[in-house]
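Coordinate analysis (summary)
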Amino acid sequence: VQNWRGLIEGYRRYLPVTDKTPVITLHEGNTPLIPAPAIAAQIGRQVKVFVKYDGLNPTGSFKDRGMTMAISKAKEAGAEAVICASTGNTSAAAAAYARRGGMRAFVLIPDGYVALGKLAQALLYGAEVLAIHGNFDRALEIVREMSQNYPVTLVNSLNPYRLEGQKTAAFEVVDVLGDAPDWLCIPVGNAGNISAYWMGFCQYHQEGRCTRLPKMMGFQAAGSAPLISGHIISHPETIATAIRIGNPANWQKALAVQESSQGEFNAVTDEEILDAYRLLASGEGIFCEPASAASVAGLLKVKDRVPTGATVVCVLTGNGLKDPDTAIKHSQNQFKQGISPDLEAVAKAMGF
Ligand code: F0G
């Protein structure tokens, strides 16, 4: 797309905006759909695998898609402050867009469980960051109540404009492939994004822009998999802190998506997530954060059931730079340190 000016301009006719809506944008969206031959090779059977690299959005995650809409609509309604609970990415996006729109941004985060890059972003963008001694689910309960009792607009995915913005990722996938994929693999936390993708595919299908609808394959981290176990997890755990969620805000929507798309939900272990995370980086040259790698870990877990010749899209929701600690700790690559600064020593260390 030439002269891309963000997803509200790009998909205006599919979004609930008018001439009066102030468009607060960082030119998010229009992210690449990249072939992933190393992942495809692990499946075989002429399967085509692509990754939707949404970590290339302005704040490094898919949350920017929802936030340009939520913040523009909050501004239109005259809001002066927004609030969210977050495992990190929502807070970074809320902070960036709210500040760009001249609003205050309050963010509640679980103390000690937000990746370093995300915290750095929220602070530098100028959010008012409150770390609570509690997990994401508790933070969400608090901000829901705050937004009902104080003059602050909730910008978590319970805000319907968030999903409206996020559905544009499905439009982009169809615009590039020429049709919907057979499978859409996606990490699931609060289940906002899987619901938004499904909305997007359905809307495009109704408009005749695609001939089919994908099977929606949602993957949760094994220690935080309420949708697979069927009950709330009071103490969710996983290395993928972005999806360390035990009581998804969009639980009912997620079940509806699973049913209407004949999709499946499954859990992937932290080990499987880390294997996919390393494969994406060293096999494809794509650095995503651990939660995002759950989509690829999930695909590899159920690879025997991918139909021959199928087209599969895995959503990579966040950039790897968000969480440098995990990358350094779990890289299996040897890091040769303390080499003396001379040619001979360097050549020797290189194995020559
Ligand atoms: N991937 C990443 C990188 C995320 O940050 C999130 C959610 C998800 C996947 C799951 O998306 O909740 O729509 O199912 N992050 C939220 C946050 C919770 O606060 O940044 P979902």
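Residues numbered from 1 in each chain as written. Predicted model: local features only at pLDDT ≥ 70, side-chain atom pairs only at ≥ 80, totals over all residues. Heavy atoms only, no water.

**A word on the overall build of the protein chain**
Quick reminder of the rule: Only runs of H or I of at least four residues qualify as helices and only runs of E of at least two qualify as strands under DSSP, and these elements are numbered from the N terminus. Accessible area is worked out with a 1.4 Å probe on protein chains only. A residue is then buried under 20% of its type maximum, exposed over 50%, and partly exposed in between. Working rule for contacts: check all heavy atoms of both residues, and any pair within 4.5 Å makes them a contact. Per-residue and other accessible areas were derived by the Shrake-Rupley procedure at a 1.4 Å probe size, with only the shown protein chains allowed to occlude residues. Only four residue types enter the tally: Lys and Arg on the positive side, Asp and Glu on the negative side, with His and both chain ends excluded. A charge is said to be at NZ when it belongs to Lys, at CZ for Arg, at CG for Asp and at CD for Glu.
The helix and strand tally for the protein chain stands at 15 helices and 10 strands. When its C-alpha atoms are laid out on the principal axes, the protein chain stretches across 65 × 50 × 45 Å. Counting across all 352 residues of the protein chain, residues that qualify as buried make up 56%. Restricting the contact set of the protein chain to residue pairs at least 6 apart, pairs at least 24 apart contribute 71%. Put simply, the protein chain shows about 15,200 Å² of open surface, and 52% of that area lies on carbon and sulfur atoms. Seen as two clouds, the 32 positive and the 32 negative side-chain charges of the protein chain have centres 3 Å apart.

**Section: the nonpolar core**
Just so we agree on the cut-off: Here, nonpolar core refers to any group of buried Ala, Val, Leu, Ile, Met, Phe, Trp, Tyr and Cys residues whose side-chain atoms link them within 4.5 Å.
By size, the foremost hydrophobic cluster in this structure holds 39 residues, and its most contacted members are Ile39, Val49 and Leu299. Secondary structure elements with two or more residues in this core: helix 2 (37-43), strand 2 (48-53), strand 7 (183-187), strand 8 (215-221), helix 12 (270-284), helix 13 (290-301) and strand 10 (311-316). With seven residues, the single largest contributor to this core is helix 13. What Ile39 contacts, discounting residues up to four positions off in sequence, is Val49, Leu279, Leu280, Glu284, Val296, Leu299 and Leu300.

**Thoughts on the UniProt feature "binding site: pyridoxal 5'-phosphate" (unreviewed entry) in the protein chain**
The condition that has to hold: UniProt positions are given in the numbering used here, feature names are shortened, and annotations may be inferred rather than shown by experiment. Two kinds of site are reported from a 1 Å grid over the protein atoms alone, namely cavities, where a 1.4 Å probe fits but cannot get out, and pockets, open sets with protein on both sides within 12 Å along at least five of seven lines, and residues are called lining when an atom falls within 4 Å of a point.
Following the UniProt record, the feature "binding site: pyridoxal 5'-phosphate" (unreviewed entry) maps to Asn89, Gly189, Asn190, Ala191, Gly192, Asn193 and Thr317 here. As for the lining of the largest cavity, the annotated residues named previously contribute Asn89, Gly189, Asn190, Ala191, Gly192, Asn193 and Thr317. Relative to the assigned elements, Gly189 resides in the loop between strand 7 and helix 9 (192-206). A residue is classified by how much of its surface remains accessible, and Gly189, at 9% relative accessible area, is buried. With residues up to four places along the chain from it excluded, the contact list for Gly189 reads Gln220, Ile243, Ile245 and Pro248. Relative to the helices and strands, Asn190 is located in the loop between strand 7 and helix 9. Setting aside anything within four residues of it in sequence, one finds Asn190 in contact with Phe136, Leu140, Ser157, Ile245, Asn247, Pro248, Ala249 and Asn250.

**So, the packing of helix 3 (residues 63-76) against helix 4 (residues 89-100)**
The condition is simple: As a rule, the C-alpha atoms of each element are fitted with a line to give its axis, helices using only the stretch in contact, and angles between N-to-C directions run from 0 to 180 degrees. Put simply, angles under 35 degrees are roughly parallel, angles over 145 are roughly antiparallel, angles from 65 to 115 are roughly perpendicular, and the rest are oblique. Put simply, a crossing is left-handed when the front helix is turned counterclockwise from the back one by less than a right angle, and right-handed when it is turned clockwise. Ten residue types, Ala, Val, Leu, Ile, Met, Phe, Trp, Tyr, Cys and Pro, are classed as nonpolar, four, Asp, Glu, Lys and Arg, as charged, and the remainder, Gly among them, as polar.
Two elements in contact, helix 3 and helix 4, have axes separated by 9 Å at closest approach and are oriented at 40°. With respect to their mutual orientation, helix 3 and helix 4 come out oblique. In this structure, helix 3 crosses over helix 4, and the sense of that crossing is right-handed. Residues Lys63, Asp64, Met67, Thr68 and Ile71 of helix 3 form the contact with helix 4, whose own contacting residues are Asn89, Thr90, Ala93, Ala94, Tyr97 and Ala98. A per-class count over the contact of helix 3 with helix 4 returns six nonpolar, three polar and two charged.

**Structural notes on the site of the ligand**
Applicable threshold: Any residue with at least one heavy atom within 4 Å of a molecule or strand is counted as near it. Polar contacts, as counted here, are pairs of nitrogen or oxygen atoms within 3.5 Å of one another; within protein the pair requires one atom able to donate a hydrogen and one able to accept it, and residues that are adjacent in sequence qualify only if both atoms are side-chain atoms. Throughout, a molecule is located in a cavity or pocket provided that more than half of its atoms lie within 2 Å of its grid points.
Around the ligand, the structure places 19 residues, and the nearest of them are Ser86, Gly189, Asn190, Ala191 and Thr317. Backbone polar atom of Thr87 to an oxygen atom of the ligand: 2.8 Å apart, as the coordinates give it. At a separation of 2.8 Å, an oxygen atom of the ligand approaches a polar backbone atom of Thr90. Taking 470 Å² as the accessible area of the ligand by itself, protein coverage stands at 99%. At a threshold of 2 Å from the grid points, most atoms of the ligand map onto the largest cavity. Every element with two or more residues in the shell around the ligand is listed here: helix 4 and helix 9. Here the shell around the ligand is built from residues that sort into seven nonpolar, 10 polar and two charged.

**A word on the UniProt feature "domain: Rhodanese" (unreviewed entry) in the protein chain**
The feature "domain: Rhodanese" (unreviewed entry), as given by UniProt, occupies residues 82-125 in the numbering adopted here. As annotated, residues 82-125 comprises 50% helix and 25% strand, and the C-alpha atoms at either end are separated by 14 Å.

**Here we look at the sheet that holds strand 7**
What counts is decided by this rule: Any two strands between which DSSP finds at least two bridges are classified as paired.
Overall, mixed pairing links the six strands, which are arranged 1-2-10-7-8-9 in an open sheet. The two strands at the open ends of the sheet, each matched to only one other strand, are strand 1 (33-35) and strand 9 (264-268). Each adjacent strand pair in this sheet contributes to an overall mean axis angle of 25°, direction not counted. Sheet topology note: the strand 7/strand 10 ladder contains three bridges and is parallel. Within strand 10, the position partnered with Trp183 by the bridge is Val312. Helix-sheet contacts for helix 12 involve strand 1, strand 2, strand 8, strand 9 and strand 10, and the interaxial angle to strand 9 is about 90°. This element, helix 13, spans strand 2, strand 7, strand 8, strand 9 and strand 10 of the sheet and lies at about 155° to strand 10.

**A short note on the side chain of Ser292**
Within the secondary structure, Ser292 is located in helix 13. Separated by 2.7 Å, the side chains of Ser292 and Thr317 make a polar contact. A polar atom in the side chain of Ser292 sits 2.8 Å from the backbone nitrogen of Gly318. Each residue touching Ser292, except ones within four places of it in the same chain, is listed here: Pro187, Val315, Leu316, Thr317 and Gly318.

**Details of the packing of aromatic side chains**
The line we're drawing: Side-chain rings of Phe, Tyr and Trp, where Trp is taken by its six-membered ring, are said to pair if the distance between their centres is within 6.5 Å; with planes under 30 degrees apart they count as stacked, over 60 as edge-to-face, and otherwise as tilted. Put simply, a charge is over a ring when the Lys NZ or the Arg CZ is close to the ring centre, within 6 Å, and near the line of the ring normal, within 35 degrees.
Per the counting criterion, the structure on display carries seven aromatic pairs. Ring centres of Trp4 and Tyr11 lie 6.2 Å apart, and the angle between their planes is 70°; this geometry places the pair in the edge-to-face category. Taking 6.1 Å as the distance between ring centres and 40° as the angle between the ring planes, the aromatic pair formed by Tyr197 and Phe201 counts as tilted. Of the two residues, Tyr197 and Phe201 are both situated in helix 9; the distance of four residues between them amounts to about one turn of the helix. Residue class for Phe201 comes out buried when judged on its relative accessible area of 0%. Cluster of aromatic residues (ring-pair linked, three or more members): Trp4, Tyr11, Tyr14, Phe171 and Tyr204. When the ring centre of Tyr113 is taken as reference, the NZ or CZ atom of Arg244 above it lies at 3.5 Å.

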